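Letter by letter, the chains look like this.
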Amino acid sequence: VIDMIEKEDPVISEEEAAQYDRQIRLWGLDAQKRLRGSRVLLAGLGGLGAEVAKNLILAGVKGLTLLDHEQVSEESCRAQFLVPVTAQGQNRAKASLERAQNLNPMVKVHADPDRIEDKPDDFFLQFDAVCLTGCSRDLMIRVDQLCSKHNIKVFCGDVYGYYGYMFCNLGQAHNYVEEKPKVVKPSGESNDGPKAKKAKVDPNETTMVKKTASFCTLKEALAVDWTSEKAKAGLKRTPVDYFLLQVLLKFRTDKGRDPDPQSFPEDSQLLRQIRDDVLESLSLNSDLLNDDFISYCFSEMSPVCAVVGGVLGQEVVKALSQRDAPHRNFFFFDGRKGNGVVDYFGPN
Amino acid sequence: MVQLVGSLRKELADSISTCKVLVVGAGGIGCELLKNLVLTGFKNIEVIDLDTIDVSNLNRQFLFQKKHVGKSKAQVAKESALQFCPSANITAYHDSIMNPEYNVEFFRKFMLVMNALDNRAARNHVNRMCLAADIPLIESGTAGYLGQVTVIKKGMTECYECQPKPAQKTFPGCTIRNTPSEPIHCIVWAKYLFNQLFGEEDADQEVSPDTADPEAAWNPEETAARATASDKDGDIKRVSTKEWARSTGYDSVKLFNKLFKDDIMYLLTMDKLWKKRKAPTPLDWHQLENSECPKEGTPASGLKDQQVLDVWGYCQLFQHSVETLRSQLQEKGEGAELVWDKDDPPAMDFVTAAANLRMHIFSMNMKSRFDVKSMAGNIIPAIATTNAVIAGLIVLEGLKILSGELESCRTIFLNKCPNLRKKLLVPCVLDPPSANCYVCASKPEVTVKLNVHKTMVLTLQDKIVKERFGMVAPDVQIEDGKGTILISSEEGETEGNNNKFLSDFGIRNGSRLQADDFLQDYTLLINVLHDLERDVEFEVVGEAPDKAPPPQTNQEEVNSITNGNKDSAQPSTSSKGQHRSGHDLTSHSCYISAKRLSSVSEVELSSR
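No experiment lies behind these values; they were computed from the predicted model shown.

**Let's talk about the overall build of chain B**
Step number 1: Scanning chain B for helices and strands turns up 17 helices and 18 strands.
Step number 2: Counting the 608 residues in chain B, one finds 59% classified as buried.
Step number 3: Restricting to contacts in chain B with at least 6 residues of sequence separation, those with at least 24 account for 72%.

Encoded structure:
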């Protein structure tokens, strides 16, 4: 009930107006108010997680819970900017808390050191949106299923070296508005003579158009059948990144971790093997995804985290504020080519 | 066997940790960029910014907190970034990159320069410095949801100035003074009025009715007759606006009646103007005061600034702000001048009130203070995520450069929505340098049309060589066999020439001038074309007239919008983000763009 009141709270403080001025001028006051009433769960405070945390905190959500059971390693200090270099051995969520909170004191930031696997179902229900990074495929599928049943927006994302992706499930009927320019028809009459113009309407006046988009589950998105003729025909226009993602998710499931530069030779070999297995299991040609990716998918690259975290963060903002068309339903980034594509995978 | 350090090949990781890079600007893009550089492993970074931190920066310039407001951006950015990697070497300069101290030798220290700027003048300057030093430059810009990144390498790619950029949008004087048709015209008028009353008076910023408006005359002779008539005609032209105001003690009601009643009534006598336009309706202070309706009591359910008042509300705002500004002026003493600043409440109130009253007079819907501030203050909406994406792309391009893979560098556009090929990020191949570029060609040359009898040396220096052609400290000599020096970069040396006309020096049709900027290591040959018929001060031959940008594709529109936030392009651009669906471009039509959304800065009057 408190949340509803705050979402409806008409008053925006002077402090908020001053701080959020430049973004209110972009997405409007209504959107800002909805953000201000939204609670988000962010799982995983690696490189990508830190970027998403920063973006959501700066945007002015009501609350952000940082959930991460991992300990700060030497690598974590270099990978993300919320963890002080002196925090080795500490829990990653807790170590990130202070700097995260300082980004915007108006947001309630909370750190939770638990394993996400151990969280009961109703833990997730307190949030308006859930964002999963560094999670296994099965876990993501499970959480996605649970949350979408309760109208909670679900986002997933990861960065593997130069590559990254984002997925979202905003439910079967996600409502949003789009701002379109207003078309003004001049009327024929006038007091000032037959050719005098009517009072000019500001050419910048716009109107809000209501729209709806529907999304499938992560399970459906990852279980696309490629054996049909139609699917095979569409392969040419299908970003190969989708298959790369399947490979990397399988690696994560099999090894319990992502490819590690310290184990470069073994992990490269395994990646090649998994690539073959995955493509075979999908009845696809093994040359669909060539070997190039192998040496470029290790570790989380900071600039790639920035790009994917920027896109992902903005999608969360859009979904919570219900403004502007969401990307449906995957975004893939290839940092070597500078390519960023949005594509839909799932049942038609 | 490939050796990795984190995500990177060992050779690349090594060169990153030793090379020196320069970041120009520590604002929206700059903060994100510094963070990315440090985390990627860059150890030697220099950052320069002349600005200090403002509260409105805090929604995205995340290296700054509330406690830092007022401090140097470069300095605080350095301190915050060091926290991410205390062993990095970061040098901060609270200074302008256009300071002559940052000469070619300075630039040569770096393997890579990355711009994170918000204005065209600085971008032009850094472009030239990097050409002179032959250092690769990564240029970038953002505006709302849009952004772009590109790479500039001397001899290999287009430079920042190879493609003409749409010039600053200007409005003719008669539109501002006589026949405004859009809110922006009224806002520009109000800013001029501020300067005429409280600030530095400028002959190009007249606010009184323009009697010499060619549109007002039924026949050409009449224009001249009107002009001379008004000279004899009491207070329209003979006394300056400031003098007149002073003579009335800045009486707000007298001011109101002159500006919003008497001057409007004068405009109405110029009846030809109103044959095809809706005529303005004058306001009367006392009439408005007496017919004031009691306010409806509903409290504001949004930002106070987003309310649109009624006419009487703006009358009161006008009165109140005039009184406050009058006191400010008095406090400053004799000969004082105020400088308009969007963040100074009475100055902003004044423009809001005056612009709205004028809008109402000319039958336009009035605007909230929030909207007026956007237009008057050239505010570009900005968010953290767009800057984060662009800064990430900058580093990725930087890595290609440091790996010696310049051919793989691209211009990358960030769209708001995916294009028809599903691309949200659109990489484009870089174009080679333009053979006719007036900056990077081997012997740059331009032709300028002007009237040698009417163009002063000062105009040549300020409006043409500096503003239009981007020189900072020019030396100009005439190619007359004698090397006559017209303009010297040494202060005071050629001041005496300022108010002389070009023809006084024997400059005529076909004359050639050599302009040099020593700091930029740049020489430009200017061919003079004498032209009698001029309604603009000058025109660069080979370009569309400076008011109308060439017709553009969607993607080019994106570029011009993300170009230089402090400069102007579309003054009436909505403050809200606009949807641009870019499409893939072949190499030729990619513009090199720069930073944030262009909007009106100082809108210039094009003189007649």
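**A short note on the sheet that holds strand β16 (residues 522–530) of chain B**
Residue and element names in this part refer to chain B.
Step number 1: The strand order β14-β13-β15-β16-β12-β17 describes an open sheet built from 6 strands, whose pairing is mixed. Each edge of the open sheet is held by one strand with a lone partner, namely β14 (485–487) and β17 (539–540).
Step number 2: Note that strand β13 (residues 474–478) and strand β15 (residues 512–517) share 5 bridges and pair antiparallel. Residue Gln477 lies in a different strand from β15, and its bridge partner there is Gln514.

**Here's the deal with helix α10 (residues 252–269) of chain B**
All names here are of chain B.
Step number 1: Here α10 contains 18 residues, and its C-alpha end-to-end distance of 25 Å stays within 8% of the 26 Å for a straight helix at 1.5 Å per residue.
Step number 2: Of all the bends in α10, the greatest measures close to 35 degrees and is centred on Lys258.
Step number 3: All of the buried residues in α10 are Ser252, Val253, Leu255, Phe256, Asn257, Lys258, Leu259, Phe260, Asp263, Ile264, Tyr266 and Leu267.
Step number 4: Looking at the buried positions of α10, the neighbouring elements they touch are α6 (173–177), α7 (183–198), α9 (241–247), α11 (285–290), α12 (311–332) and α13 (345–361).
Step number 5: Where α10 starts, the residue carrying a side-chain oxygen 2.9 Å from the main-chain nitrogen of Val253 turns out to be Asp251.

**Structural notes on the interface of chain A and chain B**
Step number 1: Contacts between the two partners involve 73 residues from chain A and, on the opposite side, 74 residues from chain B.
Step number 2: Across the interface of chain A and chain B, roughly 6400 Å² is buried in total on both sides, 58% from carbon and sulfur atoms.
Step number 3: Its largest share of buried area at the contact with chain B, chain A owes to Arg22(A), Arg25(A) and Leu26(A), together 15% of the area lost on that side.
Step number 4: At the junction of chain A with chain B, the criterion picks out 5 salt bridges.
Step number 5: The salt bridge partner of Lys422(B) is Asp343(A), with a shortest N-O separation of 2.8 Å.
Step number 6: Between chain A and chain B we count 21 residue pairs in polar contact (both at pLDDT 80 or more) in total.
Step number 7: Within the side of chain A that touches chain B, the residues separate by chemical class into 33 nonpolar, 18 polar and 22 charged.
Step number 8: Sheet analysis places strand β10 (residues 339–343) of chain A next to strand β11 (residues 423–429) of chain B, joined by 2 bridges and oriented antiparallel. The residue of β11(B) that forms the bridge with Val341(A) is Lys423(B).

**Section: unusual backbone geometry**
Step number 1: For the bond from Arg328(A) to Asn329(A), the omega torsion is -15 degrees, close enough to zero to count as cis.
Step number 2: Here Asn329(A) shows up in the loop between α13 (302–321) and β9 (330–334).
Step number 3: Of note, Ser363(B) is a non-glycine position whose phi angle comes to about 60 degrees, a positive value.
Step number 4: In this structure, Asp521(B) is a non-glycine residue whose phi angle is positive, near 55 degrees.
Step number 5: Structurally, Asp521(B) can be placed in the loop between β15 and β16.
Step number 6: Residue Asp521(B) is classed as exposed on the basis of its relative accessible area, which comes to 57%.

**Remarks on the UniProt feature "binding site: Zn(2+)" (unreviewed entry) in chain B**
All names here are of chain B.
Step number 1: Listed under "binding site: Zn(2+)" (unreviewed entry) in the UniProt record, and renumbered for this structure, are Cys159, Cys162, Cys437 and Cys440. Over a stretch of 282 residues, the named residues converge on one spot in the fold, their C-alpha atoms separated by at most 8.4 Å.
Step number 2: Topologically, Cys437 is positioned in the loop between β11 and β12 (445–450).
Step number 3: A relative accessible area of 2% places Cys437 in the buried class.
Step number 4: The contacts of Cys437, once residues within four sequence positions are left out, are Cys159, Glu161, Cys162 and Pro444.

**Looking at the packing of aromatic side chains**
Step number 1: Applying the stated criterion across every chain, the model contains 34 aromatic pairs over all chains.
Step number 2: A ring pair is formed by Tyr102(B) and Phe106(B), whose centres lie 4.9 Å apart and whose planes are at 65 degrees; its orientation type is edge-to-face.
Step number 3: Given the relative accessible area of 2%, Tyr102(B) is considered buried.
Step number 4: Looking at Phe106(B), the relative accessible area reads 10%, which means it is buried.
Step number 5: Aromatic pair Trp274(B) and Phe362(B): ring centres 6.3 Å apart, planes at 45 degrees, arrangement tilted. Residue Trp274(B) is located in the loop between α10 and α11, and its partner Phe362(B) is located in the loop between α13 and α14 (369–376); the two are separated by 88 residues in the primary sequence. Take Trp274(B) and Phe362(B): they sit in the same class, and that class is buried.
Step number 6: We note Lys54(A) situated over the ring of Phe62(B); from NZ or CZ to the ring centre the distance is 5.4 Å.

Here is what the cut-offs are and how they apply
Residues numbered from 1 in each chain as written. Chains lettered and ligands numbered in written order. Predicted model: local features only at pLDDT ≥ 70, side-chain atom pairs only at ≥ 80, totals over all residues. Heavy atoms only, no water. Helix = DSSP H or I, 4+ residues; strand = E, 2+ residues; numbered from the N terminus. Buried < 20%, exposed > 50% of the residue type's maximum accessible area, 1.4 Å probe, protein only. Contact = heavy atoms within 4.5 Å. Pairing = 2+ DSSP bridges. Expected span 1.5 Å × (residues − 1). Bend = angle between axes of the 7 residues up to and from the residue. Polar contact = N/O pair within 3.5 Å; in protein donor to acceptor, adjacent residues only side chain to side chain. Buried area = accessible area lost by both parts, 1.4 Å probe. Salt bridge = Lys/Arg side-chain N within 4 Å of Asp/Glu carboxyl O. Nonpolar A, V, L, I, M, F, W, Y, C, P; charged D, E, K, R; others polar. UniProt positions renumbered as here; feature names shortened; annotations may be inferred. Phe/Tyr/Trp six-rings, centres within 6.5 Å; stacked < 30°, edge-to-face > 60°. Lys NZ or Arg CZ within 6 Å of the ring centre and 35° of its normal.

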